[in-house]
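# Architecture and fold: a report
Chain by chain, the residues:
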Amino acid sequence: GAVVSQHPSWVICKSGTSVKIECRSLDFQATTMFWYRQFPKQSLMLMATSNEGSKATYEQGVEKDKFLINHASLTLSTLTVTSAHPEDSSFYICSAPIGTDTQYFGPGTRLTVL
Amino acid sequence: GENVEQHPSTLSVQEGDSAVIKCTYSDSASNYFPWYKQELGKRPQLIIDIRSNVGEKKDQRIAVTLNKTAKHFSLHITETQPEDSAVYFCAASMKYSGAGSYQLTFGKGTKLSVIP
C-alpha cells in the first residue's frame, strides 16, 4: 500500500513559537494532500486541502494566517502552526490520495503547546 | 455540505460474535465510502471501501454494504477477535477539490471493544 510519512511524530513547544510539520508521500506523487486535526476521542476534522503549485483551500473557521500550508513538491506538504497557543495542542494528521478518492494517512504529529 | 452520522458510538461484543456499525450520509452526490480503523495514538488505516456502483463488498471477515436509495452504509465484522478492538470511522466523499481529489467527511467514530 501507499506510504505517507510525517515529521515530527511529536513536538512540545512554548506558547508564541511556530512549529512546522512535514507530510511526505514516499512511493507516489500527490498533487493534493489533506490536513486534519483530531482532538482526543473525537473524529478527524478537515482543516485544509493542500494543492501543489497553488494556494491551499481552508475549511470554514480555520485561520489561514495561523495555519500556513505550503505544497512545495509532488511529495511534500508542510503545515506551520504560527504563534502557537495551548488551545492549538492537538493531533495533526495529513493524508494523500491515490487516484481521486482513496486516501492514505500519515502517522500523525502530536503537538503540545505549553 | 455533507453530513455523516455514525452509530453506535461504542460497541462491546464477545470474541467470536459479529459487530455491525452503521452510517448515514446526506449528500446524494457522494459516491465513495471508506472505512478506517484507528488504534490509540496511531494513524487511521483503510480497511475496506465501497463505491456507489456496488451494493456489497467483502474482504475475509470484513464486509460493507451500501444502500444508495436510503443513503446508508454499514460495516460488518464477523468472528471478532481482540485485535479488532479499535475506533472505526466511516466516511463519505464530499466534493471535488484541487486537482481532482475528493474530500472526505468522517463520522464521529465507533469504539469497538472485543471481550475475550
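Report on the accompanying structure. (Residues numbered from 1 in each chain as written. Chains lettered and ligands numbered in written order. Predicted model: local features only at pLDDT ≥ 70, side-chain atom pairs only at ≥ 80, totals over all residues. Heavy atoms only, no water.)

## Observations regarding the state of the cysteines
The term disulfide refers to a covalent linkage connecting the sulfur atoms of a pair of cysteines. As enumerated under the stated definition, the model contains two disulfides over all chains in all. Paired by a disulfide, Cys23 of chain A and Cys94 of chain A hold their sulfur atoms 2.0 Å apart. Here the disulfide of Cys23 of chain A and Cys94 of chain A is right-handed, its torsion about the S-S bond being about 80°. With a gap of 71 residues between them, Cys23 of chain A in strand β3 (residues 19–25) and Cys94 of chain A in strand β9 (residues 90–98) connect regions that are remote in the sequence. Two residues, Cys23 of chain B and Cys90 of chain B, share a disulfide whose sulfurs are 2.0 Å apart. Across the S-S bond linking Cys23 of chain B and Cys90 of chain B, the dihedral sits near -100°, which makes this disulfide left-handed. Of the two residues, Cys23 of chain B sits in strand β3 (residues 19–25) while Cys90 of chain B sits in strand β9 (residues 86–97), which places them 67 residues apart along the sequence. Both residues of the pair, Cys23 of chain B and Cys90 of chain B, belong to the buried class. In this structure Cys13 of chain A is not part of a disulfide, and its nearest cysteine sulfur, from Cys94 of chain A, lies 18 Å away. (Disulfide = S-S within 2.5 Å. Helix = DSSP H or I, 4+ residues; strand = E, 2+ residues; numbered from the N terminus. Buried < 20%, exposed > 50% of the residue type's maximum accessible area, 1.4 Å probe, protein only.)

## Overview of the pattern of salt bridges
Residues and elements named next belong to chain B. Counted under the stated rule, the structure contains six salt bridges over all chains. The partner of Asp49 in a salt bridge is Lys57, and the shortest N-O contact between them spans 2.9 Å. Residue Lys57 is classed as partly exposed on the basis of its relative accessible area of 35%. (Salt bridge = Lys/Arg side-chain N within 4 Å of Asp/Glu carboxyl O.)

## Details of the environment of Ser5 of chain A
Residues and elements named next belong to chain A. Examined against the element boundaries, Ser5 turns out to sit in strand β1 (residues 4–7). Residues Ser5 and Ser90, 85 residues apart in the sequence, show an inter-C-alpha distance of 18 Å. Look past the residues within four positions of Ser5 in its chain and what remains in contact with it is Glu22, Cys23, Arg24, Leu26, Cys94 and Pro107. (Contact = heavy atoms within 4.5 Å.)

## Section: the sheet that holds β1 of chain A
All names here are of chain A. Strands sit in the order β1-β3-β8-β7 across an open sheet of four strands; the sheet is antiparallel. Since the sheet does not close on itself, it has two edges, and those belong to β1 and β7 (67–73), each with one partner. Averaged over all pairs of adjacent strands, the angle between their axes in this sheet comes to 15°, without regard to strand direction. Of the pairings in the sheet, the one linking β7 to strand β8 (residues 76–81) comprises five bridges and is antiparallel in character. Paired with Ile69 across the strands is Leu79, a residue of β8. (Pairing = 2+ DSSP bridges. Axes fitted to C-alpha atoms, helices over the stretch in contact; angles between N-to-C directions.)

## Examining the pairing of β9 of chain A
All names here are of chain A. In terms of residue burial, β9 counts as a mostly covered element, since eight of its nine residues are buried. Note: strand β4 (residues 32–38) against β9, five bridges, orientation antiparallel. Residue pairing in the sheet places Trp35 in a bridge with Cys94 of β9. Looking at chain direction, β9 and strand β11 (residues 109–113) are connected through three bridges and run antiparallel. In the sheet register, Phe91 faces β11, and the bridge partner there is Arg110.

## Focus: the interface of chain B and chain A
Tallying the contact residues gives 22 residues for chain B and 26 residues for chain A. Of the roughly 1800 Å² buried at the junction of chain B and chain A (both faces included), carbon and sulfur atoms supply 52%. For the pair chain B and chain A, the number of links is zero salt bridges. Viewed at the interface, chain A and chain B are joined by nine residue pairs in polar contact (both at pLDDT 80 or more). Counting residues per element, the side of chain B that touches chain A draws most heavily on strand β10 (residues 101–106) of chain B, which supplies five residues. (Buried area = accessible area lost by both parts, 1.4 Å probe. Polar contact = N/O pair within 3.5 Å; in protein donor to acceptor, adjacent residues only side chain to side chain.)

## Describing the environment of Thr105 of chain B
Here Thr105 of chain B shows up in strand β10. As for Thr105 of chain B and Asn3 of chain B, which are separated by 102 residues in sequence, their C-alpha atoms are 7.1 Å apart.

## Side note on the sheet that holds strand β8 (residues 72–77) of chain B
Residue and element names in this part refer to chain B. Strands sit in the order β1-β3-β8-β7-β6 across an open sheet of five strands; the sheet is antiparallel. Here the strands that pair on one side only, and so sit at the sheet edges, are β1 (4–7) and β6 (56–59). Going from strand to strand, the sheet's axes swing by 15° on average, the running direction of each strand aside. Of the pairings in the sheet, the one linking β1 to β3 comprises four bridges and is antiparallel in character. Among the inter-strand pairings, Gln6 is bridged to a residue of β3, identified as Cys23.

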